[in-house]
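# A closer look at the structure
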Amino acid sequence: MAGRVLLFFSVLSASSVLGQVSYSIPEEMPKGSLVGNMAQDFGLNVKRLKSGKARIFTRESDGYIELNNDRGVLLIREKIDRESLCGQTTPCALHFQIILENPMEFYSVTIEITDVNDNSPSFEKNEVTFKISESAVSGAKFILERAIDPDVGSNGLQTYRLEPTDNFVVKLHDQADGTKNVEMVLEKPLDREKNEQLSLVLTAVDGGEPQMTGTMQILITVLDANDNAPVFTQPIYKASIQENARVGTTVVTVTATDADHGSNGRITYSISNIVDHSRGIFEVSGESGEIRLIGNVDYEKARTFQINIRASDDGGLVDSCKVMIDVIDMNDNKPDIKIMSKSNMISEDAKPGTVVTMINIKDADSGENGIVQCSINDNIPFVMKATNNDFYTLVTDGQIDREVASEYNITVTCSDEGVPSLSSSVTLTLQISDVNDNAPVFERSSYEAYIVENNTPGLSIFTVKARDADWNQNARVSYILDDSSVNGVPVSSYVSVSADSGVIHAVRSFDYEQIKDFQFRVKAQDGGSPPLSSNVTVKMVIQDQNDNPPQVLYPVQTGGSVVAEMVPRSADVGYLVTKVVAVDVDSGQNAWLSYKLQKATDRALFEVGLQNGEIRTIRQVNDKDAVKQRLTVIVEDNGQPSRSAAVIVNVAVADSFPEVLSEFTDFTHDKEYNDNLTFYLVLALAVVSFLFITCVVVIISVKIYRWRQSRILYSSNLPVIPYYPPRYSDTLGTGTLQHVYNYEVCRTTDSRKSDCKFGRAGSQNVLIMDPSSTGTMQRIQSEKSILDEPDSPLEQKPPNNDWRFTQGQRPGPSGATGGPEVAMGTGPWPQPPTEAEQLQALMAAANEVSEATATLGPGTMGLSTRYSPQFTLQHVPDYRQNVYIPGSTATLTSNPQQQQATAQQAAQQALPPPQVSAQPEPPKAAQTPASKKKSTKKEKK
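Analysis parameters
- Residues numbered from 1 in each chain as written.
- Predicted model: local features only at pLDDT ≥ 70, side-chain atom pairs only at ≥ 80, totals over all residues.
- Heavy atoms only, no water.
- Pairing = 2+ DSSP bridges.
- Helix = DSSP H or I, 4+ residues; strand = E, 2+ residues; numbered from the N terminus.
- Axes fitted to C-alpha atoms, helices over the stretch in contact; angles between N-to-C directions.
- Core = buried A, V, L, I, M, F, W, Y, C linked by side-chain atoms within 4.5 Å.
- Buried < 20%, exposed > 50% of the residue type's maximum accessible area, 1.4 Å probe, protein only.
- Contact = heavy atoms within 4.5 Å.
- Disulfide = S-S within 2.5 Å.
- pLDDT = per-residue confidence, 0-100.
- Lys, Arg positive; Asp, Glu negative; His and termini not counted.
- Salt bridge = Lys/Arg side-chain N within 4 Å of Asp/Glu carboxyl O.
- Polar contact = N/O pair within 3.5 Å; in protein donor to acceptor, adjacent residues only side chain to side chain.
- Phe/Tyr/Trp six-rings, centres within 6.5 Å; stacked < 30°, edge-to-face > 60°.
- Lys NZ or Arg CZ within 6 Å of the ring centre and 35° of its normal.

### A short note on the sheet that holds strand β20 (residues 267-274)
Sheet architecture is open: four strands sit in the order β17-β24-β23-β20, paired in mixed fashion. Lying at the two open borders of the sheet, with one neighbouring strand each, are β17 (236-242) and β20. Taken over all neighbouring pairs, the strand axes of this sheet differ in orientation by 30° on average, direction set aside. Pairing between strand β23 (residues 304-313) and strand β24 (residues 318-328): nine bridges, direction antiparallel. Paired with isoleucine 309 across the strands is cysteine 321, a residue of β24.

### Examining the nonpolar core
Burial of nonpolar side chains together is a common tendency in soluble globular proteins. Core analysis: the biggest nonpolar cluster contains 29 residues, and Val495, Ile504, Phe518, Phe520, Val522 and Met540 have the highest contact counts within it. If you list the elements that add at least two residues to this core, you get β34 (446-452), β35 (460-463), β37 (477-481), β40 (495-497), β41 (503-506), β42 (517-526) and β43 (533-543). Sequence-distant contacts of isoleucine 504, defined by excluding residues within four places in its chain, comprise Leu459, Ser460, Ile461, Phe462, Val464, Val495, Ser496, Val497, Phe520, Val522, Val538 and Met540.

### Describing the state of the cysteines
Under the defined criterion, the tally for this structure stands at two disulfides. Covalent S-S linkage joins cysteine 86 and cysteine 92, the inter-sulfur distance amounting to 1.7 Å. Handedness of the cysteine 86-cysteine 92 disulfide follows from its S-S torsion of about 65°: it is right-handed. A single burial state applies to cysteine 86 and to cysteine 92, both of which are buried. The disulfide bridge from cysteine 374 ends at cysteine 414, spanning 2.2 Å between sulfur atoms.

### Overview of the confidence of the model for the protein chain
Mean pLDDT over the protein chain: 76, with 71% of residues reaching 70 or higher. Below a pLDDT of 50 lies the segment residues 1-16, which in the model reaches 43 contacts outside its immediate sequence neighbourhood of four places, other chains included. In the model, residues 718-830 has pLDDT below 50 throughout and makes 229 contacts with residues more than four positions away in sequence or in other chains.

### Things to note about the sheet that holds strand β12 (residues 168-174)
One open sheet holds the three strands; their spatial order is β10-β13-β12, and the pairing between them is antiparallel. Each having just a single partner strand, β10 (141-144) and β12 make up the two edges of the open sheet. Across this sheet, the average inter-strand angle for adjacent strands is 35°, counted without regard to direction.

### A short note on the environment of lysine 50
Here lysine 50 is to be found in helix α2 (residues 46-51). In this structure, lysine 50 is in contact with Asn69 and Asp70, ignoring residues within four places of it in sequence.

### Here's the deal with unusual backbone geometry
Omega for the peptide link from threonine 90 to proline 91 comes to -10°, which places this bond in the cis form. Tracing the backbone shows proline 91 in the loop between α3 (82-86) and β7 (92-100). Looking along the chain, the bond that leaves glutamate 209 and enters proline 210 is cis, with omega of 0°. Within the secondary structure, proline 210 sits in the loop between β14 (197-206) and β15 (213-223). The backbone phi angle of glutamate 28 is positive, close to 65°, even though this residue is not glycine. Within the secondary structure, glutamate 28 sits in the loop between β2 (17-26) and β3 (34-36). Residue asparagine 472 is not a glycine yet carries a positive backbone phi of 60°. You can see asparagine 472 is positioned in the loop between β36 (466-467) and β37.

### Section: the side chain of glutamate 565
Looking at the element boundaries, glutamate 565 is found in strand β45 (residues 564-567). Of the buried charged residues, glutamate 565 lacks a salt bridge, with arginine 616 as the closest side chain of opposite charge at 13 Å. A distance of 2.8 Å separates a polar atom in the side chain of glutamate 565 from a polar atom in the side chain of tyrosine 554. Discounting residues that sit within four places of it in the chain, glutamate 565 has contacts with Tyr554, Val577, Thr578, Val649, Asn650, Val651 and Ala652.

### A short note on the packing of aromatic side chains
Taken as a whole, this structure holds 15 aromatic pairs when the rule is applied. Ring centres of tyrosine 494 and phenylalanine 518 lie 5.3 Å apart, and the angle between their planes is 40°; on these two criteria the pair is classed as tilted. Taken as a pair, tyrosine 494 in the loop between β39 (489-490) and β40 and phenylalanine 518 in strand β42 lie far apart in primary sequence, 24 residues in all. Residue tyrosine 494 shares its accessibility class with phenylalanine 518, and that shared class is buried. Among the aromatic side chains, those forming a connected cluster through ring pairs are Tyr494, Phe510, Phe518 and Phe520. Over the ring of tyrosine 494 we find arginine 508; its NZ or CZ atom is 4.3 Å from the centre of that ring. Looking at lysine 516, its charged tip hangs above the ring of tyrosine 512, at a distance of 4.9 Å from the centre.

### Regarding the pairing of strand β13 (residues 180-186)
With respect to burial, β13 is a largely interior element, six of its seven residues being buried. Here β10 runs beside β13; their pairing, made up of four bridges, is antiparallel. In the strand pairing of β13, phenylalanine 142 is matched with methionine 184. The turn joining β12 and β13, which pair antiparallel and follow one another in sequence, is formed by five residues; a positive phi near 95° is taken by glycine 178.

### Things to note about the pairing of β17
Residues of β17 alternate between two faces, with Tyr237, Ala239 and Ile241 buried on one and Ile236, Lys238, Ser240 and Gln242 left unburied on the opposite face. Sheet topology note: the β17/β24 ladder contains seven bridges and is parallel. Counted as the bridge partner of glutamine 242 is isoleucine 328 from β24.

Shown next, in the form of structure tokens:
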């Protein structure tokens, strides 16, 4: 790029304007050409350009320059023609700003457009005609139209050449505005007789490379002699005109005189030279020399106009003058407001001085008409600050509170100082985002609520309400019951509060007589982060309800004796017999008591005070009045509904105590008799009802139990394996066992719910078959004391090897004949059962033993605990072939005939003889030291 870069920075009053850079480029550069590296010149990072959304702000509508954010360079967007952009103005420059966001910044850029020689000089007319008298003397001047070259500087118009130069030469005269007037000067007099017509060529040459030219042909007609040329009254005319003046307005009038007469003295006015911006704006009257306005004059476009007026007579002599027209500025332009960058939302906790909007303001007028003052509406926390000549920033001026105003409509008004003043305005809408800076506030500083006692738990009592001035989530209020206690009990057991609505509910039913009021605190907490909260004290007042009847304190009602008040027969009217004293634990009108006489032996004798309960006589007591007087007094409170209590007052009308005693003895007896009779009747009714219900329940239970028993027996398919544990009972006291044990089996028909326990040594154990019992060993006396003995027979002993013996070798009644004790019915059965009952008991016991490994725990008769792990049921002899009945010589076998015979024999031996006066004690087994110790302990007990 053929250009130069001028880089300089300026320190401005506002921190948002960081610097200014200037570039110089030639015109007519192709599109996309590089102007300059803006990022490098300003010292910016390319990432900053992207994050700040860098863009170009310019007031001109045509965008000749574009910004490449990826490279940080300025490029040509459209080809620039300096002549159409700036005309003859030098220097020609483009001014714009680079705007950055977050934070807001802008940089000023100026690009100077240098001229290139792309335009050749040109004349407005290709041909011009002069009539020159032959009498024109040498040195006569003829003003020529100057050429126009849009280029400037060295590329602009530099000189003129006139060809041929036989009679005329070209001379240039510099003007004050920098232009040059072209004059054709007569050097050699004309001779009409030689050349009546002359043709000259005027060439305009510029100074560019390559050099460019323009030509105009001059046709000269040589006239007869006219020796006086017109002369203007003054060489320069000055005038002024207001901008926006109406078309047709006369600006100035020029005047020229000619000493000749006739046609040679008639003057014609015309405009000879006019610059581009003056074309089509002014005209001159050819006859009067009056210059009039034919176009619009705008001070902002052109402040001065220069017109060259030519005066010529008919003889071809001319003169010229200059007219300078100044344009007077009028206040016809409003200040123009452009928003460079703005924020639509700002947080309410923004610090003072935060930039909200950047504004560019321009007034095209000049002087006081172009001086602009900007202001914003009052009573808002914002202020306008001027950062540069035409740049302003809108910043915060104090704390912002969203609760005071959630939105601001900021009107920026800019006015100039012209007369009359012109102004323009723009309205900015700024939203304020919320910050959780307000705690919830209750509607009251404290609350007092009332609730009637005996309320229903869960009853809604009242509502606390708190409001939060914040918005959305920050204003969402939740209510929490503060942790405290009332008389040592957490307040949460009394009341609860709804977290969303603040409704307070009663958790329990209150009793006024126990608690009359209490206080607690409710916390309101918002949903902000961090949350803010406030507390309020709530006083709960329990209101009394008439839920307690009056209580009579005097006279005291006793059940065993009669208390009577004595009234002498000489008592006068109004005699105070006694006073009924009662209280009511309620309060208020619920405790106001009134007394009434409900029943009396003689209602005409006594009365009761309505308020004080005093019983007085209302007439004179006489001898006819009965000694025993019974008064029933009702004590009633004033509640709604009212409650009452009755008291019986016994009054004795007598003068002596013995008389009273004799009269009231029968009364006491009758009362006691009636009370006892009522008690016994009620007791008998309760007993009969209880027995009836018990019988019904027992019958139903038995029916259900029998039904279940039948279901279990029919559905069971378990094999019956009778089993006799070691040390079974030996009623004869013979055999090889160390001790004689009996086993008491407490069973039900459902063998799965039965237990087996060892009984005590001796012959006191009985096999009990109780279908309705699920417990065991209920008939063993002093079971606890037996369990406490260290050598108790309930301790399980290791199995005896006698079970491996054959039936003939096994001790017991099955292997020997019955002794005399058997014949006498001295077996272990106190009341010998039938054969069928014995068989049923043994078969059920066998079923129990077969399930012992699955149903009994450690310490019972289960095989799993009594024998080694190698022991299985295949080692157990088939006792179904020989089943022994303890206390009997009968043997059950698998042979049906043998079973029948054995059963008959056992039945005969088991039945006791009908006539036996005494039963000798069965023989006892030899005692071991352990059994002796046990016996000694029992004897001590």
